[in-house]
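# Structure at a glance
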Amino acid sequence: MYTVHIDDPGDARLADYVSLRDVQLRTSLEAEHGLFLAEGEKVIRRAVEAGYEVRSFLMAPKWLDTLADVLETAGDVPCYVAPESVVEQVTGFHVHRGALASLCRTPMPALESVLEHAERVVILEDLVDHTNVGAAFRSAAALGWDAVLLSPRCADPLYRRSIKVSMGSVFTVPYTRIEHWYDGPGTVRAAGFEVFALTPAADAVDLAEVEAPRRMALLVGTEGEGLSQRWIREADQRVRIPMWSGVESLNVAAATAVACYALRR
Ligand SMILES: C[S@@+](CC[C@H](N)C(=O)[O-])C[C@H]1O[C@@H](n2cnc3c(N)ncnc32)[C@H](O)[C@@H]1O
């Protein structure tokens, strides 16, 4: 690692870090350059420990000591050091956790390799909110589930917000995207999993009454509409978390946490 002091927020070397609040811009920029951003000491540390290659760091001078060991292991990459006001102008907000890193994405693993030794798999259908994606990963990791699968249109687990909410679980829980939405549940069943659709529908089976098989996949639906009819039809069973007080459904991340706990090994 070598340090580069920067005072100009317009410096082109900081291109990886511009306008972090602009989801659209970030999504295309990150995909185009095959990068993602980690924010905060813990998350950066976990990303580097997970083996992701670092492109660069950006931080205010006071973070250099705290992250000294991580900077040392990152190889011959620049650490841009800038006053907090400059970091704020580049990123578009005050970086509370002080440090940022830009890292290289790796190719997604094949579905077969993710499923090979797994017994408990969460499958997210078209979640749009990065916070919910991150929270689902965190629950899956914390409650002992083995992998997460994403429908083709599901939001990106390596988006900064997802990573942050997952507390770095997106670096440790194996995941990949299902290539064809239509056959998603069928493909997983063919690999030896019983497929459960998590739905608030009144005629679904109460989660407390489910006997969990050795290998199971849990389908979880998008924030507004819930699971598609296609995926619900494809499931072996539909399961619900009973609701009280006239509430129709839980937030998707909360529902995932409850189900991951109830159906844990
Ligand atoms: C906000 S809910 C969608 C609500 C939608 N109206 C529906 O009927 O599914 C998003 C996802 O969270 C899960 N979910 C939320 N509340 C649930 C409950 N009470 N029982 C089972 N799953 C639930 C389901 O997977 C659902 O697709």
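Residues numbered from 1 in each chain as written. Predicted model: local features only at pLDDT ≥ 70, side-chain atom pairs only at ≥ 80, totals over all residues. Heavy atoms only, no water.

An unreviewed UniProt entry lists the chain under the name rRNA methyltransferase, with Phytoactinopolyspora halophila as the source organism.

Let us now look at the nonpolar core. Of all hydrophobic cores here, the largest spans 54 residues; its most connected members are I44, F57, L103, L124, V148 and F171. Counting the residues that make up this core, at least three belong to each of domain 1 (2-104) and domain 2 (111-262). With residues up to four places along the chain from it excluded, the contact list for V148 reads V122, L124, F137, A140, V173, P174, Y175 and T176. In this structure, V114, A147, I178 and A235 belong to the second largest nonpolar core, which totals 19 residues. (Core = buried A, V, L, I, M, F, W, Y, C linked by side-chain atoms within 4.5 Å. Buried < 20%, exposed > 50% of the residue type's maximum accessible area, 1.4 Å probe, protein only. Domains from an automatic or database assignment. Contact = heavy atoms within 4.5 Å.)

Strand pairs in the sheet, formed through backbone hydrogen bonds, run parallel or antiparallel to each other. If you trace the 7 strands from one edge of the open sheet to the other, you get β8-β7-β6-β11-β9-β12-β10, paired in parallel fashion. Each having just a single partner strand, β8 (175-177) and β10 (205-206) make up the two edges of the open sheet. Where strand β6 (residues 120-124) lies against strand β7 (residues 147-150), 4 bridges are found, and the strand directions are parallel. Paired with V122 across the two strands is V148, which belongs to β7. Against the sheet, helix α7 (residues 130-142) makes contact with β6, β7 and β8, and its axis sits at roughly 150 degrees relative to β7, the strand it touches most. (Pairing = 2+ DSSP bridges. Helix = DSSP H or I, 4+ residues; strand = E, 2+ residues; numbered from the N terminus. Axes fitted to C-alpha atoms, helices over the stretch in contact; angles between N-to-C directions.)

A few words on the packing of α7 against helix α11 (residues 252-262). The interhelical angle for the contact between α7 and α11, taken along N-to-C directions, is 10 degrees, at an axis separation of 9 Å. As the angle between them shows, α7 and α11 are arranged roughly parallel. On the side of α7, the interface is formed by N132, A135, A136 and S139, while α11 contributes V252, A253, T256 and A257. Looking at the contact of α7 with α11 residue by residue, the classes come out as 5 nonpolar, 3 polar and no charged. (Parallel < 35°, antiparallel > 145°, perpendicular 65-115°, else oblique. Nonpolar A, V, L, I, M, F, W, Y, C, P; charged D, E, K, R; others polar.)

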